[in-house]
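An overview of the molecular structure
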Amino acid sequence: LTFNAQHGVLTLDGTLRSHKIKNDHTAEFLGTVRMQGQVCQAIKTVKTQKYSVQDGDYTILIDSGKDKAVVALPPAVNNRGRILIVKKVNRDKYKLNSGVVKVVATEGKIDIAEEMIIKMNYSSRTLQSDGENWWLIASKGS
């Protein structure tokens, strides 16, 4: 670490890691965060009929196949500010019809409902928690 007092800049030559405090891997920054370079988020493909969103999930690709799949969101109260992307995919790219994906709120709501349905292959929903409910902030397809 090097601190330039004239410019008020702390330079790190290496890697910054957060440490687990009480089962929490949170690094908190106040103010503006500027990034130069890529930002990587977790992406996971799920092929089960029921899936509960995990702590490290960001983008979830749900391969529903010919059956219905259910994705259970975590409680909004424990996830204030968190963004999740749910996308419906299909292992058989030539099959137009496949099982729907139902996204359910375990606590709180999704906008004004307790669930939402993703019908078409390759449709997606982006959700964000305000600490009380999950809000649909972006949608592609039906």
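As the structure is a computational prediction, the values presented were derived from the model and not from experiment.

Basis of the calculations
- Residues numbered from 1 in each chain as written.
- Predicted model: local features only at pLDDT ≥ 70, side-chain atom pairs only at ≥ 80, totals over all residues.
- Heavy atoms only, no water.
- Salt bridge = Lys/Arg side-chain N within 4 Å of Asp/Glu carboxyl O.
- Pairing = 2+ DSSP bridges.
- Helix = DSSP H or I, 4+ residues; strand = E, 2+ residues; numbered from the N terminus.
- Axes fitted to C-alpha atoms, helices over the stretch in contact; angles between N-to-C directions.
- Buried < 20%, exposed > 50% of the residue type's maximum accessible area, 1.4 Å probe, protein only.
- Lys, Arg positive; Asp, Glu negative; His and termini not counted.
- Contact = heavy atoms within 4.5 Å.

Some thoughts on the pattern of salt bridges
According to the stated counting rule, one finds three salt bridges in the structure shown. The salt bridge partner of glutamate 114 is lysine 109, with a shortest N-O separation of 3.4 Å.

A few points about the sheet that holds strand 6 (residues 69-73)
Across the sheet, four strands lie side by side as 4-6-8-9; this open sheet has mixed pairing. Each edge of the open sheet is held by one strand with a lone partner, namely strand 4 (50-52) and strand 9 (115-118). Here the strands of the sheet are splayed against their neighbours by 20 degrees on average, with no regard to which way each runs. Pairing of strand 8 (residues 101-105) with strand 9 involves four bridges; the strand directions are antiparallel. Looking across to strand 9, one finds that lysine 102 is bridged to isoleucine 117.

Considering unusual backbone geometry
Of note, aspartate 111 is a non-glycine position whose phi angle comes to about 55 degrees, a positive value. Note that aspartate 111 resides in the loop between strand 8 and strand 9. We classify aspartate 111 as partly exposed; its relative accessible area is 28%. Even without being a glycine, tyrosine 122 presents a positive backbone phi close to 70 degrees. As for its placement among the helices and strands, tyrosine 122 is situated in the loop between strand 9 and strand 10 (124-129).

Examining the side chain of lysine 88
With respect to the secondary-structure elements, lysine 88 resides in strand 7 (residues 83-89). Summary of buried charges: lysine 88 has no salt-bridge partner, and the nearest side chain of opposite charge, aspartate 63, is 7.5 Å away. Look past the residues within four positions of lysine 88 in its chain and what remains in contact with it is Ile62, Ser64, Ser98, Gly99, Val100, Val101, Ile118, Lys119, Met120, Asn121, Tyr122 and Ser123.

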